[in-house]
Amino acid sequence: MNELDDIPAPRGQLTLKLVANRQDTNFHGDIPGGWLVGHMDQAAELAAGREAHGRTATVAIEAMDFLCPVRVGSMVNIFTEIREIGHSSLKIDVEVWSRSPQERDPNELHKVTEARFVMVALDDKGRIRAVRQGEA
Ligand SMILES: CC(=O)SCCNC(=O)CCNC(=O)[C@H](O)C(C)(C)COP(=O)(O)OP(=O)(O)OC[C@H]1O[C@@H](n2cnc3c(N)ncnc32)[C@H](O)[C@@H]1OP(=O)(O)O
């Protein structure tokens, strides 16, 4: 164990990277939580779709807390990590880390939130199917 082990760092793969823009704000000029949740959902779907080779849908999003605000102009980085694969479902941890527009160091990220997403694999008729192809 060294000093670096104490520094919080994103877990998982960088799946989505975007900038929070003025048009994403609410009428107070703030970025709303729902904007972030929508992008987290998109990242979870990308990760699930890659693993399940196709269509997936969100079944559940476990509890989440927002630790700090995302400001307009911030770079938002969304990381995903597949934690569990069931028969038709995948549990994916999604973390959001942001970098404010004033921050010069590209590695200086602040954790905004995290949540576990449960996704299910769907066939082309929208019915649940096995994640692993070849399974019933
Ligand atoms: C309204 C919207 O548009 S929301 C956005 C898009 N999402 C959707 O459309 C999904 C809407 N939901 C549904 O259609 C249904 O809930 C379904 C088809 C996903 C699941 O239907 P169910 O009858 O619950 O199916 P079933 O019980 O077989 O569950 C399927 C899998 O999901 C898992 N699952 C279902 N609900 C949950 C939950 N709340 N939390 C964790 N896992 C869950 C099950 O454990 C199972 O996993 P496994 O196959 O790996 O063992």
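Just so it is clear, the structure is predicted and the values come from calculations on it, not from any experiment. (Residues numbered from 1 in each chain as written. Predicted model: local features only at pLDDT ≥ 70, side-chain atom pairs only at ≥ 80, totals over all residues. Heavy atoms only, no water.)

Would you mind showing me how to read the overall build of the protein chain here?
Along the protein chain, the regular secondary structure elements total one helix and five strands. For the protein chain, the succession of helices and strands along the chain, N to C, is β-α-β-β-β-β. Once the C-alpha set of the protein chain is aligned to its principal axes, its extents read approximately 50 × 45 × 25 Å. For the protein chain, the share of sequence-separated contacts (at least 6 apart) that also reach a separation of at least 24 residues comes to 70%. About 8300 Å² of surface is accessible on the protein chain, with carbon and sulfur atoms providing 48% of the total. The averaged location of the 21 negative side-chain charges in the protein chain is 6 Å from the averaged location of its 16 positive side-chain charges. (Helix = DSSP H or I, 4+ residues; strand = E, 2+ residues; numbered from the N terminus. Contact = heavy atoms within 4.5 Å. Areas by Shrake-Rupley, 256 points an atom, 1.4 Å probe, with all protein chains shown as cover. Lys, Arg positive; Asp, Glu negative; His and termini not counted. Charge placed at Lys NZ, Arg CZ, Asp CG, Glu CD.)

Would you mind showing me how to read the site of the ligand here?
Around the ligand sit Ala-57, Thr-58, Val-59, Ala-60, Gly-86, His-87, Ser-88, Ser-89, Val-118, Val-120 and Ile-128, and that is every residue in its neighbourhood. In the environment of the ligand, an oxygen atom lies 2.8 Å from a nitrogen or oxygen atom belonging to the backbone of His-87. Ser-89 places a side-chain nitrogen or oxygen 2.6 Å from an oxygen atom of the ligand. The protein chains hide 37% of the 990 Å² of surface that the ligand would expose on its own. Where the shell around the ligand is concerned, the elements lending two or more residues are β2 (56-61) and β5 (110-121). With four residues, the single largest contributor to the shell around the ligand is β2. (Near = heavy atom within 4 Å. Polar contact = N/O pair within 3.5 Å; in protein donor to acceptor, adjacent residues only side chain to side chain.)

I tried to follow helix α1 (residues 33-52) on my own but got confused; where do I start?
An α-helical segment advances 3.6 residues per turn. Residues three or four places apart therefore align on the same side. Taking 1.5 Å per residue as the helical rise, α1 with its 20 residues ought to reach 28 Å, and the 28 Å between its terminal C-alpha atoms agrees with that figure. Listed in full, the buried residues belonging to α1 are Trp-35, Leu-36, His-39, Met-40, Ala-43, Ala-44, Ala-47, Ala-48, Gly-49 and Ala-52. Packed against the buried residues of α1 are β1 (13-19), β2, β3 (75-85), β4 (89-99) and β5. His-53 occupies a position one or two residues after α1 and carries a positive phi of about 55 degrees. (Expected span 1.5 Å × (residues − 1). Buried < 20%, exposed > 50% of the residue type's maximum accessible area, 1.4 Å probe, protein only.)

Before we go on, may I ask you to explain the UniProt feature "domain: HotDog ACOT-type" (unreviewed entry) in the protein chain in this structure?
The feature "domain: HotDog ACOT-type" (unreviewed entry), as given by UniProt, occupies residues 10-125 in the numbering adopted here. For residues 10-125, the end-to-end C-alpha separation is 36 Å, with 17% helix and 41% strand making up the annotated structure. (UniProt positions renumbered as here; feature names shortened; annotations may be inferred.)

Please clarify how the nonpolar core should be interpreted in this entry.
General note: in soluble globular proteins, nonpolar side chains tend to be found buried as a group. Of all hydrophobic cores here, the largest spans 25 residues; its most connected members are Val-76 and Ile-78. Elements with a minimum of two residues in this core: β1, α1, β3, β4 and β5. Looking at which element gives the most residues to this core, the answer is α1, with eight residues. Residue contacts for Ile-78: discarding those within four places in its chain leaves Gln-13, Leu-14, Thr-15, Leu-16, Leu-18, His-39, Met-40, Ala-43, Val-94, Glu-95 and Val-96. (Core = buried A, V, L, I, M, F, W, Y, C linked by side-chain atoms within 4.5 Å.)

How do you make sense of the pattern of salt bridges when you look at a structure like this?
Pairing between side chains becomes possible if they bear opposite charge and their charged atoms approach one another. Under the criterion given, the structure shown has nine salt bridges. A salt bridge links Arg-132 to Glu-51, with the shortest nitrogen-to-oxygen separation between them at 3.0 Å. Of this pair, Arg-132 sits in the segment after β5 while Glu-51 sits in helix α1, placing them 81 residues apart in sequence. Accessibility expressed as a relative area gives 37% for Arg-132, which makes it partly exposed. Here Glu-51 falls in the partly exposed class, since its relative accessible area comes to 25%. (Salt bridge = Lys/Arg side-chain N within 4 Å of Asp/Glu carboxyl O.)

Would you mind showing me how to read the pairing of β3 here?
Consecutive side chains along a regular strand alternate between the two faces of the sheet. Where β1 lies against β3, six bridges are found, and the strand directions are antiparallel. Among the inter-strand pairings, Lys-17 is bridged to a residue of β3, identified as Asn-77. Bridging between β3 and β4 involves ten bridges; their strand directions are antiparallel. Residue Phe-79 lies in a different strand from β4, and its bridge partner there is Glu-95. Between β3 and β4, which pair antiparallel and follow one another directly, the connecting turn spans three residues. (Pairing = 2+ DSSP bridges.)

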